[in-house]
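Summary of the model geometry
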Amino acid sequence: MGEVKKHETPLMDDLKSGPWPSFVDDIYNYAEKKKKQACFDIMGQMELSYKNRETHWKHGGIVGVFGYGGGVIGRYSDQQEMFPSIWAFHTVRVNQPAAKWYHSSALRKLCDMWDHRGSGIVNFHGSTGDIILLGTVTEQLEYIFYDLGHQLKMDLGGSGSNLRTPECCMGMSRCEWSCIDTQDIIYELTMAFQDELHRPAFPYKFKIKVSGCPNDCVAAIARSDFSVIGTWRDKIKIDQDAVRAYVGGELKPNAGAHSDRDWGPFDIKKEVIDLCPTKCMFWDEGQKKLYINDAECNRCMHCINVMPEALWPGDDRGAVILMGAKAPILDGAQLSTVIIPFMKLEPPYDNLKNLLYKVWDYWMEHGKNRERLGETIQRIGLNRFIVDVLGLKPLPQHVKEPRSNPYIFWKEEEVEGGWTRDVAEFRKRHPA
Amino acid sequence: MSERPERPDPIYSQPYDPTLAEKLYNPQKPMENRVTDIGPPHYWQFLPPVIQRNYGKWKSHEILQPGVIKYKSQTGEVVYAVRCGTPRLESTDYVREICEIADKYCDGYVRWTTRNNVEFHVTDEEKLRALLEDLKGRKMPGGSYKYPVGGTGASVTNIVHTQGWIHCHTPATDASGVVKAIMDELFEYFQSHKLPAQVRLALACCLNMCGAVHCSDIAVVGIHRKPPLVEDERLEKVCEIPLVIASCPLGAIKPATVEVGGEKRKSVRVNVDRCMFCGNCYTMCPAMPISDGEGDGLALVVGGKVSNRITPPTFSKVVIPFIPNEPPRWPTTVKWIKKILEIYSQNARKYERVGDWIQRIGWERFFELTDIPFTWHLIDDYRLAYDTYRTSVHFKFTSHVETVTEFE
Ligand code: HEM
Ligand code: HEM
Ligand code: SF4
Ligand code: SF4
Ligand code: SF4
Ligand code: SF4
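**Things to note about the interface of chain B and chain A**
Taken together, the contacts link 151 residues of chain B with 144 residues of chain A. Between chain B and chain A, a total of about 13,300 Å² is buried, with carbon and sulfur atoms accounting for 59% of that surface. By the criterion of area lost to chain A, the three top residues of chain B are B:Tyr16, B:Trp165 and B:His167, representing 6% of everything that side buries. Applying the counting criterion to the chain B and chain A interface returns 14 salt bridges. Note that A:Lys153 is salt-bridged to B:Asp9, the shortest N-O span being 2.8 Å. Remark: the boundary between chain B and chain A carries 89 residue pairs in polar contact (both at pLDDT 80 or more). Take the side of chain B that touches chain A: its biggest share by element is eight residues, from helix H3 (residues 92-106) of chain B. For the side of chain B that touches chain A, the residue count by class is 74 nonpolar, 45 polar and 32 charged. Inspection of the sheet shows strand E4 (residues 121-124) of chain A paired to strand E4 (residues 89-91) of chain B by three bridges, in the antiparallel sense. Each residue of the ladder has a partner; that of A:Ile121, found in E4(B), is B:Ser91.

The structure is reproduced here in structure tokens:
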């Protein structure tokens, strides 16, 4: 590699100081060591953006690998003369292993590949979950794909109007509250839906995320068209000795999450019983015993979060299936809405796959171009989506409250005698 | 259940061959040697043996100090997870250094969290101490920590964020630089447990919001404030006019025939009074650029959350409609975020998330306590705006209310 051309970047350099890890320092370090022109140029172009307060990337650009409709985002600089080595700076999305566990042997090999074929700049991870490899040229794309498939046993993630890379919380690998095997579910679904992931055939993007409990650490309810959230429907498990240990101050509430401030001694009444949203808990001071009226619990996780040594989700475990979340573009943001209050999830998760196929069949036929599932549901009505499309029973769990207007679209078959009437007959009873 | 490979695939211990792909890929016959649809590597091979042994058997956990969580299994085994912040935008060398640490203390295993933190796992306290000592000493040349430990419990953990000026074509602000500026200022909250509850920050550099910013305790959103430009010479050639028209959620775009250099061209016109600067037209049509150094900037939204704990998940609400871009350190944005965080910290009760606290005291009190000016921009006039009107006489007389005596 020949001489590299460096750019003056006083504004970027300012971001080297301060305690938080500096990406500027890191990228420059790497650029110097590897003599990477692309890294100097990207810093140079960012400096220009910092000066102008505008981006210097051209609009889009369609590139990809043979046979796939996504996984690569095309990107071209609008300062080709000043920054020739980043004239093309495409992004490659690589499907992450479920819950983002790795072994260094795999990571190192991926890094070696990216040093050789790209800028050496990465995101661990993109907000959908993929490993993001930032910055390569069109000619390298097929080789990158071959390296991924042959040497790394990895594959591209989703982009465009298709299934996006599914993602989950760490679930059973480390969390005692996971009511479902989030990683296995995500792996199974990702493998089952490779075609949907790689070849856009949907009206718009479609995201699946799986959290093991209502804490929803992967933000499924806010970010995915299809949200799976683990839950249970029997009783919260209680270890009364441990509850007494919390009350006695031997155990730290909320696993020690509040350790750097004096909040006074733990008060089970104030901190648990009174904060329970359904007021279904009772602490018997005399007996030193905790009672939960489980039928009234809405499984918010608060008491379990506060006393992790004493309380656990019950044993009859499954998941709530919700659908329709999306970011604000265009009609405003939506959270997912409950569709199936309780579904058992056991390998190979055929019930879940069948549900997804049913939703996709309908959405692919009736969804408008660039209409997210949540918008389709709103357009046709949640009631029709649940009853007519999915063939499910309408339940009070589907709504926060029933409608307040009586503007109901009655169906003809529901009305005695139907809608065909004879006006002459009417006038016989009611002369005009 | 899918078959579980016990150990990392042996292919990973073979060195990378930079010449192999050139031998396998034949542009004339693209199907030759093509491996497709293999999906991600199986997760099980990357789980440390202690995690494999205790998968689904965890009993409880305890945060020993900010950034260090001890997990106890029903089998009696324990594992310590050490959580470190990362810049997310980083070099392969940064990832290699993570590998080196993982090799030294964790038999090579490592994991990333949803919020761009990296986690190392050890099984004995001695290794834990050594690991923490080691991490503390790793710094960038400019002095920043490479792997600061924290982000657990009642802290500000790492910021979920998007691409910004390093990679995207629609941003109204940068991402990584703003995040760095914010986290430098809030660093003590990353490394301590002194807040009333966890505070989740997020940043999206435009309204597309790649990231869950719309449900965060405090979040930054890039916004445009000038209507798109219309490049009459190019538009017809590079855009599908009906799609452009349909892309506008407010029907602000109309077809038009214009004259360019004496020639009639098909183009569009934007009714600027209807435009809400969402940028969706530019997403559909490169001949309608919207970015502008003066027009673009940031909005702050607060009070959202994802967890179902105590109260249901909620959207964040706009509290500051616009702050100009001030690279490289965005001082005004950082100042307001810190102020909101600290007022919250002083006033909220234990376990109260930012949004729960505001619900209890009322938005009018929130604006009074934080000194954030309340302007007309904050009153919703988009779809479903009615849901946000105050349709009761339940409010507090904060300093905002002037008694009306005369009214002309
Ligand atoms: C051309 C510009 C764009 C770039 C460079 C870009 C880049 C990205 C990247 C790298 C991710 C993370 C992907 C992953 O983890 O797999 C992402 C996610 C996302 N993008 Fe974009 N994106 C662009 C345009 C858009 C548009 C036009 C929309 C919406 C209309 C959008 C909405 C989102 C959302 C909602 C997410 C993920 C949110 C989540 O899963 O939490 N992006 N984007
Ligand atoms: C056993 C207890 C818990 C474990 C092991 C756990 C684990 C995690 C982990 C590893 C993350 C990713 C963290 C990061 O990226 O920095 C996370 C994120 C999160 N956790 Fe938890 N968590 C626990 C309890 C809770 C509790 C009690 C709540 C809520 C009250 C909660 C809500 C969340 C939320 C909302 C996120 C962020 C999701 C996102 O926006 O990406 N978690 N959790
Ligand atoms: S969502 Fe629940 S099960 Fe999953 S990591 Fe978070 S707390 Fe654990
Ligand atoms: S999980 Fe929530 S609703 Fe259920 S008992 Fe505990 S605090 Fe109450
Ligand atoms: S939030 Fe907007 S500007 Fe930022 S990366 Fe996503 S699409 Fe691009
Ligand atoms: S920016 Fe949005 S509102 Fe304005 S013209 Fe474009 S699409 Fe319409």
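Next comes the rest of the description.
**A short note on the packing of helix H5 (residues 176-185) of chain B against helix H10 (residues 331-347) of chain B**
For any two helices packed against each other, the geometry comes down to the angle between their axes and how far apart the axes lie. All names here are of chain B. Here H5 crosses H10 at 45°, and the two axes come no closer than 10 Å. It follows from the interaxial angle that H5 and H10 lie oblique. Seen along the crossing, H5 lies across H10 with a hand that is right-handed. From H5, Ala181, Ile182 and Glu185 reach across to H10, where they touch Val334, Ile337 and Lys338. Residue composition of the contact of H5 with H10, grouped by class: four nonpolar, no polar and two charged.

**With respect to the site of ligand 5**
By nearness alone, every residue bordering ligand 5 is listed as B:Thr162, B:Gln163, B:Cys168, B:Thr170, B:Pro171, B:Cys205, B:Cys206, B:Asn208, B:Met209 and B:Cys210. Within the shell around ligand 5, the residues separate by chemical class into six nonpolar, four polar and no charged.

**With respect to the pairing of strand E13 (residues 317-323) of chain A**
Residues and elements named next belong to chain A. With six of seven residues buried, E13 is to be regarded as a mostly interior element. Strand direction decides the pairing type here: E13 and strand E14 (residues 337-343), joined by four bridges, are antiparallel. Its bridge partner being in E14, leucine 322 is matched across the sheet by valine 338.

**Comments concerning the environment of A:Thr420**
Residue and element names in this part refer to chain A. On the secondary structure map, threonine 420 appears in the loop between helix H14 (382-389) and helix H15 (423-429). For threonine 420, a relative accessible area of 69% gives the class exposed. Remark: the alpha-carbon pair of threonine 420 and glycine 367, spanning 53 residues in sequence, is separated by 32 Å.

**What about the coordination of the iron atom of ligand 2?**
When a metal holds four donors in a tetrahedron, each ideal angle between them is 109.5 degrees; when it holds six in an octahedron, the ideal angles are 90 or 180 degrees. Looking at the protein side alone, the iron atom of ligand 2 has one donor only, A:Cys217 (SG), at 2.3 Å. Tracing the backbone shows A:Cys217 in the loop between strand E7 (208-211) and helix H8 (220-223).

**Considering the side chain of B:Asn280**
Residue placement: B:Asn280 occurs in helix H9 (residues 280-284). For B:Asn280, the side chain forms a polar contact with the main-chain oxygen of B:Ser247, separated by 2.7 Å.

**Here we look at the state of the cysteines**
Residue and element names in this part refer to chain B. All chains considered together, the criterion is met by one disulfide over all chains. Sulfur-sulfur distance for the disulfide between cysteine 239 and cysteine 285 comes to 2.1 Å. Its S-S torsion of approximately 70° makes the covalent link between cysteine 239 and cysteine 285 right-handed. Remark: cysteine 285 occurs in the loop between H9 and strand E11 (297-302) and cysteine 239 occurs in the loop between helix H7 (232-238) and helix H8 (241-247); sequence separation between them is 46 residues. According to the relative accessible area criterion, cysteine 285 is buried, its value standing at 0%.

**Observations concerning the site of ligand 3**
What surrounds ligand 3 is the set A:Cys169, A:Met170, A:Cys175, A:Trp177, A:Ser178, A:Ser211, A:Gly212, A:Cys213, A:Asn215, A:Asp216 and A:Cys217. The class makeup of the residues in the shell around ligand 3 is six nonpolar, four polar and one charged.

**A few points about the sheet that holds E13(A)**
Whenever strands of a sheet pair, they do so through backbone hydrogen bonds, lying parallel or antiparallel. All names here are of chain A. Spatially, five strands are ordered E6-E7-E8-E13-E14 in an open sheet, and the strand pairing comes out mixed. Taken across any chain shown, the strands that pair with only one partner, and hence form the sheet edges, are strand E6 (167-168) and E14. As paired elements, E7 and strand E8 (residues 226-232) share four bridges and run parallel to each other. Across the sheet, serine 211 pairs through a bridge with isoleucine 229, a residue of E8.

**Description of the pattern of salt bridges**
Residue and element names in this part refer to chain A. Per the stated rule, a full pass over the model turns up 59 salt bridges over all chains. A salt bridge links arginine 223 to glutamate 167; the nearest nitrogen and oxygen atoms lie 3.2 Å apart. With a gap of 56 residues between them, arginine 223 in helix H8 and glutamate 167 in strand E6 connect regions that are remote in the sequence. A relative accessible area of 10% means that arginine 223 is categorised as buried. Since its relative accessible area comes to 3%, glutamate 167 is described here as buried. We note a salt bridge from lysine 326 to glutamate 375, for which the minimum N-O separation is 3.4 Å. Remark: glutamate 375 occurs in helix H13 (residues 373-380) and lysine 326 occurs in the loop between E13 and E14; sequence separation between them is 49 residues.

**Looking at the pairing of strand E2 (residues 91-94) of chain A**
Residues and elements named next belong to chain A. A two-sided burial pattern is seen for E2, the buried positions comprising Thr91 and Arg93 on one face and Val92 and Val94 on the other. Examined bridge by bridge, strand E1 (residues 72-73) and E2 share two bridges and lie antiparallel to one another. If you follow valine 72 over to E2, its bridge partner there is valine 92.

**Overview of unusual backbone geometry**
All names here are of chain A. Here the residue pair phenylalanine 124 and histidine 125 is connected by a cis peptide bond, since its omega of 5° sits within 30 degrees of zero. Mapped onto the elements of the fold, histidine 125 is located in the loop between E4 and strand E5 (131-134). A cis amide bond links proline 347 with the next residue in sequence, proline 348, at an omega value of 0°. For arginine 299, which is not a glycine, the phi torsion comes out positive at approximately 60°.

**Overview of the domain arrangement of chain A**
All names here are of chain A. What the domain assignment reports for chain A is domain 1 (1-154), domain 2 (167-232 + 318-413) and domain 3 (237-312). A straight line from the C-alpha centre of domain 1 to that of domain 2 covers 33 Å. Tallying the contact residues gives 13 residues for domain 1 and 16 residues for domain 2. Regarding the contact of domain 1 and domain 2, the summed buried area is about 1,000 Å², with carbon and sulfur atoms giving 48% of it. Here the residues of the side of domain 1 that touches domain 2 are counted per class, giving four nonpolar, eight polar and one charged.

**A few points about the sheet that holds strand E5 (residues 109-112) of chain B**
Taken in spatial order, the six strands of this open sheet run E3(A)-E5(B)-E6(B)-E3(B)-E2(B)-E1(B), and their pairing is antiparallel. Among the strands making up the open sheet, the edge pair consists of strand E3 (101-103) of chain A together with strand E1 (58-65) of chain B. Here the strands of the sheet are splayed against their neighbours by 30° on average, with no regard to which way each runs. Strand direction decides the pairing type here: E3(A) and E5(B), joined by three bridges, are antiparallel.

Reading the values: rules and limits
- Residues numbered from 1 in each chain as written.
- Chains lettered and ligands numbered in written order.
- Predicted model: local features only at pLDDT ≥ 70, side-chain atom pairs only at ≥ 80, totals over all residues.
- Heavy atoms only, no water.
- Contact = heavy atoms within 4.5 Å.
- Buried area = accessible area lost by both parts, 1.4 Å probe.
- Salt bridge = Lys/Arg side-chain N within 4 Å of Asp/Glu carboxyl O.
- Polar contact = N/O pair within 3.5 Å; in protein donor to acceptor, adjacent residues only side chain to side chain.
- Helix = DSSP H or I, 4+ residues; strand = E, 2+ residues; numbered from the N terminus.
- Nonpolar A, V, L, I, M, F, W, Y, C, P; charged D, E, K, R; others polar.
- Pairing = 2+ DSSP bridges.
- Axes fitted to C-alpha atoms, helices over the stretch in contact; angles between N-to-C directions.
- Parallel < 35°, antiparallel > 145°, perpendicular 65-115°, else oblique.
- Left-handed = near helix turned anticlockwise from the far one by under 90°.
- Near = heavy atom within 4 Å.
- Buried < 20%, exposed > 50% of the residue type's maximum accessible area, 1.4 Å probe, protein only.
- Donors = N, O, S within 2.8 Å, 3.2 Å for Na, K, Ca; no water.
- Disulfide = S-S within 2.5 Å.
- Domains from an automatic or database assignment.

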